[in-house]
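Architecture at a glance
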Amino acid sequence: MAEVDILKLSLNPVDMWMNKWFLLTAGTYDDCNMMTVSWGTIGCIWDRPMVQIMVRPQRHTYKYTEKSDSFTLCGFPEKYRDELNILGSISGRNGWKLAKTNLTLKPSVRVAAPSYKEASLILECRKLYFQDIDPNGFLDPTIQDNYPVNDYHRIYFGKIVG
């Protein structure tokens, strides 16, 4: 895998989030958890290349994202779709769910959160800010349909550092 200057990275972020998904991993190589994510953004905030990820408080990955100063977002070729489905549907509370896949952890270059040998895209991110979703800000009332039990996401802003 070759490093690409983030200013030269070319991808379709809507397609990545909606159709291909990312694997979010937080923690360290020795103690981490991962989950498939399909909601988020990639862009520029505060004159920095940034991503925004969303994690519900009941997800096991939430505690790792809370205590970590970094996370990775990894994109994969389509042949790994089954692995992403597994990692998005099984909780890490009940065991090492990565063992149920053909994915291999590897240390990241610039952050403590690990990445994956099989990834075709790795975004290494340093957390800069978080904000809980406030339903009082919903201008379209149908957004609330995503939260039938009022379990609003926490949004994390991560500077892309590699």
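See above for the structure.
The rules behind each value
Residues numbered from 1 in each chain as written. Predicted model: local features only at pLDDT ≥ 70, side-chain atom pairs only at ≥ 80, totals over all residues. Heavy atoms only, no water. Helix = DSSP H or I, 4+ residues; strand = E, 2+ residues; numbered from the N terminus. Buried < 20%, exposed > 50% of the residue type's maximum accessible area, 1.4 Å probe, protein only. Core = buried A, V, L, I, M, F, W, Y, C linked by side-chain atoms within 4.5 Å. Contact = heavy atoms within 4.5 Å. 1 Å grid on protein atoms, 1.4 Å probe; cavity = no way out; pocket = protein on both sides within 12 Å on 5 of 7 lines; lining within 4 Å. Points joined across faces, edges and corners; volume = space filled by probe spheres on them. Nonpolar A, V, L, I, M, F, W, Y, C, P; charged D, E, K, R; others polar. Pairing = 2+ DSSP bridges. Axes fitted to C-alpha atoms, helices over the stretch in contact; angles between N-to-C directions.

Moving on: the environment of V149. For V149, the location among the structural elements is in the loop between β8 (121–132) and β9 (154–160). Look at V149 and you get exposed, because its relative accessible area is 62%. Distance from V149 to Q58, taken between C-alpha atoms, is 11 Å for residues 91 residues apart in sequence.

Further remarks concern the nonpolar core. Counting 19 residues, the largest nonpolar core has L24, I53, F71 and L73 as the members making the most contacts within it. Sorting the residues of this core by element identifies α1 (13–20), β1 (22–27), β2 (32–37), β4 (48–55), α2 (60–67), β5 (70–75), β8 and β9 as the ones contributing at least two each. With residues up to four places along the chain from it excluded, the contact list for F71 reads L24, T25, A26, V51, I53, V111, A113, L123, E124, C125, K127 and G158.

What follows deals with the layout of surface pockets. It is the rolling of a water-molecule-sized probe over the atoms that shows where space remains empty. Taken as a whole, the largest pocket spans an internal volume of roughly 410 Å³. The leading source of residues in the lining of the largest pocket is β8, at 4 residues. Looking at the lining of the largest pocket residue by residue, the class counts come to 12 nonpolar, 4 polar and 5 charged.

On to the pairing of β4, then. Burial within β4 is extensive, with 6 of its 8 residues counted as buried. The pairing of strand β3 (residues 40–45) with β4 spans 6 bridges and is classified as antiparallel. Opposite I42, over in β4, you have V51 as the bridge partner. Here β3 folds back onto β4 in antiparallel fashion, the turn holding 2 residues, of which W46 has a positive phi close to 55°. Relative to β9, β4 runs antiparallel, the two being bridged by 6 bridges.

Before going further, it helps to spend a moment on the environment of W46. Relative to the helices and strands, W46 is located in the loop between β3 and β4. Taking the C-alpha atoms as reference, W46 lies 9.7 Å from K159; in sequence the two are 113 residues apart. Not counting residues up to four positions away in its chain, the partners in contact with W46 are Y129 and F157.

The next thing to look at is the sheet that holds β3. Taken in spatial order, the 7 strands of this open sheet run β2-β1-β5-β8-β9-β4-β3, and their pairing is antiparallel. Among the strands making up the open sheet, the edge pair consists of β2 and β3. Geometrically, the sheet is characterised by an average inter-axis angle of 35° between neighbouring strands, direction not taken into account. Inspection of the sheet shows β5 paired to β8 by 6 bridges, in the antiparallel sense. Within β8, the residue paired with G75 across the bridge is L121. On top of the sheet, α2 reaches β1, β2, β4, β8 and β9; it is set at about 115° to β2, its chief contact. Where helix α3 (residues 81–89) meets the sheet, it contacts β1 and β2, and its direction lies at approximately 110° from that of β2.

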